[in-house]
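A closer look at the structure
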Amino acid sequence: MSRKYANPPIIEAVCEFRVSKNTPWDLTIPGLFYEKVNSSFPVKEQRVIQEVEFQQGPEGVQYYIRSSERIFLFAQDRKSFVQLGPRLVAVHCLAPYPTWEGFRPKIENAWNGIREVVEVNSLDRIGLRYINRIALPATAFRLEDYFGFYPFLAKNLPQEIGSFAMTVEFVYPERPDRCRVRLSTGEDPQVSSVVLDIDYFLASPGGVTCGQALQWIDQAHMQVEAIFEGCITDRLRNTFGELK
Amino acid sequence: MAFNYPFLDLRNSLAGSAIASRPPSIRLRALVADAWMETENPKRQHQATTSVREEVSAFLGALGDLKVIVRSWEEVESYFLRFPGLVDIVELAVQAVQKHIQDAQMILDHYRDPEIDDEYLVLCVRASEYDESFLKRLAAAEAEFLEHLNRQQGWLQLTTDFGNPTDAL
């Protein structure tokens, strides 16, 4: 049974599908997709995104710049939206997080919507990502009092930290998934906070069939919850106001 | 650990592309720097799941290098998350202000009207001198992005409080 909080620290939750390159994709898809989801996401906007893609080549890491058009379809309150790009569908929820019971139907709506307008051959990647901003005391404190996931400092190292960023990628031998967890100091210099970023993703293209995608999402969500709960202590958990 | 800043190569890779006519955007440069650090380990080849917050955060962080102070960070970030198209507009606005008011110090803030349900971003420009041409130059800067802003949801107000730029620091 998952825990629920009155004040969850989530500032953005994203579920993203990247479909395989052999999936047909053309300019008519955004319009057709909009017809499928416009009752939930009626507000259309468009942006050109510059993306950087890194690939391992024979001479080291190579990077490529791509410009691609993205369609943003917002809910009326703009607290959730769908991002549609070439062979990409992402569903975003902002604070206040509407619980998994509120987020999952939006994912299902978008995924079913895209499958109704395009024949998705296979999935290259699925990602379920939760970005949390956690307020902390302004005075000196010990990270281990609040987190089960924090940088370890041996006793012969200085113990006072100004800022930090730590990333761990967990592997799951029994499934084709990985989970990248990053804990770092918050960007706002005026506020004492940390950002806990949990990105659970399908690391093996084609590792999940299109028909299994929503089942994968449910399992991914359970893993993300387990990681989140493992990353925090009861002391921090209590500040979120657990709902019994 | 050696770290080679990638932007010179980045400019070369842009040559001939559709976006070669303009330099990489502020947020792209920030994302490249982050991503480059992250991918120095060749085992780390997996893309991240798309996040608008990540883009916004990188953009806000990069604004510091352009003499823009971000006030009410969380409110500004939250507004950008709901109106992500404004990232492009604020970038245009900052560049326009720098073009017309060379020594400008800028403050990006979020304003919420306490009486009506209205909120928007404010880019407040301060200069070391406020001569007769200042307001004209401010208007000229605004003219460079206003048309784009009118096509977007959300709002950015360019203004000045005639303050001392060093007071903002």
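Above this note sits the structure.
Below is a summary of the structure that appears in this document. Given the structure is predicted, the values throughout are model-derived calculations rather than measurements. (Residues numbered from 1 in each chain as written. Chains lettered and ligands numbered in written order. Predicted model: local features only at pLDDT ≥ 70, side-chain atom pairs only at ≥ 80, totals over all residues. Heavy atoms only, no water.)

For the rest of this paragraph, the subject is the side chain of Asp197(A). All names here are of chain A. Residue placement: Asp 197 occurs in strand S10 (residues 193-202). Engagement of the side chain of Asp 197 in a polar contact is seen with the side chain of Arg 129, the distance being 2.6 Å. With near-sequence residues (within four places) excluded, Asp 197 lies in contact with Arg 129, Tyr 130, Ile 131, Arg 180, Val 181 and Arg 182. (Helix = DSSP H or I, 4+ residues; strand = E, 2+ residues; numbered from the N terminus. Polar contact = N/O pair within 3.5 Å; in protein donor to acceptor, adjacent residues only side chain to side chain. Contact = heavy atoms within 4.5 Å.)

This part covers the nonpolar core. Ranked by internal contacts, the top residues of the largest apolar core, which has 65 residues, are Phe33(A), Phe103(A), Trp111(A), Ile114(A) and Phe147(A). If one sorts the elements of this core by residue count, helix H4 (residues 213-231) of chain A sits on top with 9 residues. Formed by 46 residues, the second largest nonpolar core is a distinct cluster that contains Val43(A), Phe81(A), Trp73(B) and Phe145(B). (Core = buried A, V, L, I, M, F, W, Y, C linked by side-chain atoms within 4.5 Å. Buried < 20%, exposed > 50% of the residue type's maximum accessible area, 1.4 Å probe, protein only.)

Next up on the list: the pattern of salt bridges. All chains considered together, the criterion is met by 34 salt bridges over all chains. Note that Glu119(B) is salt-bridged to Arg82(B), the shortest N-O span being 2.8 Å. Taken together, the residues span a long stretch of sequence, with Glu119(B) in strand S3 (residues 118-126) and Arg82(B) in helix H4 (residues 73-82) at a distance of 37 residues. Exposure remark for Glu119(B): the relative accessible area of 16% places this residue in the buried category. The exposure class of Arg82(B) is buried, given its relative accessible area of 11%. Through salt bridges with shared partners, one network takes in Arg3(A), Glu229(A), Asp234(A), Arg237(A), Glu242(A) and Lys244(A). (Salt bridge = Lys/Arg side-chain N within 4 Å of Asp/Glu carboxyl O.)

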